[in-house]
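These are the residues of each chain, in order.
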Amino acid sequence: MTTIPATDLTALLRSGNSTAPRLTWYGPDAERVELSGRVLDNWVAKTSNLLQDELDAEPGMRLRLDLPAHWKSMVWALAGWQLGLELILDGAPADFLATDEPARVQEQYDAVIAVALPALAMGWTGDLPQGCIDYAAEVRSHGDVFMPHGDPDPAACALVTHDGRRIVHADLLSGFARPHGEGVRLHVSAERGLESALSDALGVWNHGGSVVLTHPGVQLTDKLLADERIHGS
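Residues numbered from 1 in each chain as written. Predicted model: local features only at pLDDT ≥ 70, side-chain atom pairs only at ≥ 80, totals over all residues. Heavy atoms only, no water.

Helices and strands together make up the secondary structure of the protein chain, namely seven helices and eleven strands. For 233 residues, the compact-globule formula gives about 17 Å, and the C-alpha radius of gyration of the protein chain, at 17 Å, lands near that figure. Seen along its three principal axes, the alpha-carbon backbone of the protein chain occupies a region of about 45 × 40 × 35 Å. A buried classification covers 53% of the 233 residues belonging to the protein chain. Partitioning the intrachain contacts of the protein chain with sequence separation of at least 6 by distance along the chain shows that 66% fall at a separation of at least 24. Within the structure as shown, the protein chain displays about 10500 Å² of accessible surface, and the carbon and sulfur contribution to it stands at 49%. Averaged over its 17 positive side-chain charges, the protein chain has a centre that lies 7 Å from the centre of its 32 negative ones. (Helix = DSSP H or I, 4+ residues; strand = E, 2+ residues; numbered from the N terminus. Rg over C-alpha atoms; globule rule 2.2 N^0.38 Å. Buried < 20%, exposed > 50% of the residue type's maximum accessible area, 1.4 Å probe, protein only. Contact = heavy atoms within 4.5 Å. Areas by Shrake-Rupley, 256 points an atom, 1.4 Å probe, with all protein chains shown as cover. Lys, Arg positive; Asp, Glu negative; His and termini not counted. Charge placed at Lys NZ, Arg CZ, Asp CG, Glu CD.)

Here it is in structure tokens:
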């Protein structure tokens, strides 16, 4: 079976010290979410299984993320990449859309998935447009282990960056991930956008580190930096 860097990365997250924090999120209203490598991989596997088993997603299809930099956005990105999908971060056409604002969707997609951002949300609050899938309500029923039905193509496009660089799956960690030192605990501000946050996170996780991602409205205090043991660059 063909492997790509994204599948190697998820294997890395669930192996070794899998209980260590890999992604910590600080959101509005004092929200804090911490995911170990194993828990992060479980979320990613469940989301990949939702895409593959429920939506018939296949390698080479396109997944648009209309989401801010957030821990759930990172789950979605990893899930799409390990399935061999191309990630769309702008308004380009795509097969699937994951969005936190489903009511404003104008374009046509094979499926629209509504992603409620609050950590404790068990389902979407309020009405959803007809046919829209409720991510929070559906994802938990899917398996914790992802077994791809088809081989992803390492030479297929994984992402086109904001400056027009075409990143193929084989080069995701070498050509897109921002280099970081071994075992860093890196602060990443969501204010810089999802593409930048993903680049940082991939580079950190690939070298055994962890990410502290903060919402733009969260004040980065000395106490937070000390409590989270942020170090390295």
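On we go from here.
Further remarks concern the packing of aromatic side chains. Counted by the stated rule, this structure contains four aromatic pairs. An angle of 50° between the planes, with centres 5.0 Å apart, marks the rings of Trp76 and Tyr135 as tilted. Of the two residues, Trp76 sits in helix α3 (residues 71-83) while Tyr135 sits in helix α4 (residues 135-138), which places them 59 residues apart along the sequence. Through successive ring pairs, a cluster of aromatic residues spans Trp43, Trp71, Trp76 and Tyr135. (Phe/Tyr/Trp six-rings, centres within 6.5 Å; stacked < 30°, edge-to-face > 60°.)

Residues Ala111 and Ile113 point to one face of strand β6 (residues 111-114) and Val112 and Ala114 to the other, with burial holding for every one of them. Pairing analysis gives four bridges linking strand β5 (residues 96-99) to β6, with the strands arranged parallel. Note that in β6 the partner of Leu97 across the bridge is Val112. Of the strand pairs in this sheet, β6 and strand β7 (residues 133-134) are connected by two bridges, and their pairing is parallel. In the sheet register, Ala114 faces β7, and the bridge partner there is Asp134. (Pairing = 2+ DSSP bridges.)

On to the side chain of Glu195. The residue Glu195 is located in helix α6 (residues 194-205) in this model. Despite being buried, Glu195 has no salt bridge partner; Arg165 is the closest side chain of opposite charge, sitting 5.4 Å away. Sequence-distant contacts of Glu195, defined by excluding residues within four places in its chain, comprise Leu89, Thr161, His162 and Phe176. (Salt bridge = Lys/Arg side-chain N within 4 Å of Asp/Glu carboxyl O.)

What follows covers the environment of His215. As for its placement among the helices and strands, His215 is situated in the loop between β11 (210-214) and α7 (222-227). It is 9.3 Å that separates the C-alpha atoms of His215 and Pro68, two residues lying 147 residues apart in sequence. Every residue in contact with His215, bar those within four places of it in the chain, is listed here: Trp25, Tyr26, Gly27, Pro28 and Ala190. Here Gly217 takes part through its backbone nitrogen, which lies 2.9 Å from a polar atom of the side chain of His215. (Polar contact = N/O pair within 3.5 Å; in protein donor to acceptor, adjacent residues only side chain to side chain.)

Looking now at the pairing of strand β2 (residues 32-36). The pairing of strand β1 (residues 21-26) with β2 spans five bridges and is antiparallel. Following the sheet pairing, Thr24 is matched in β2 by Glu34. Counting the residues in the hairpin turn of β1 and β2 gives five residues, including Asp29, whose phi is positive at 60°.

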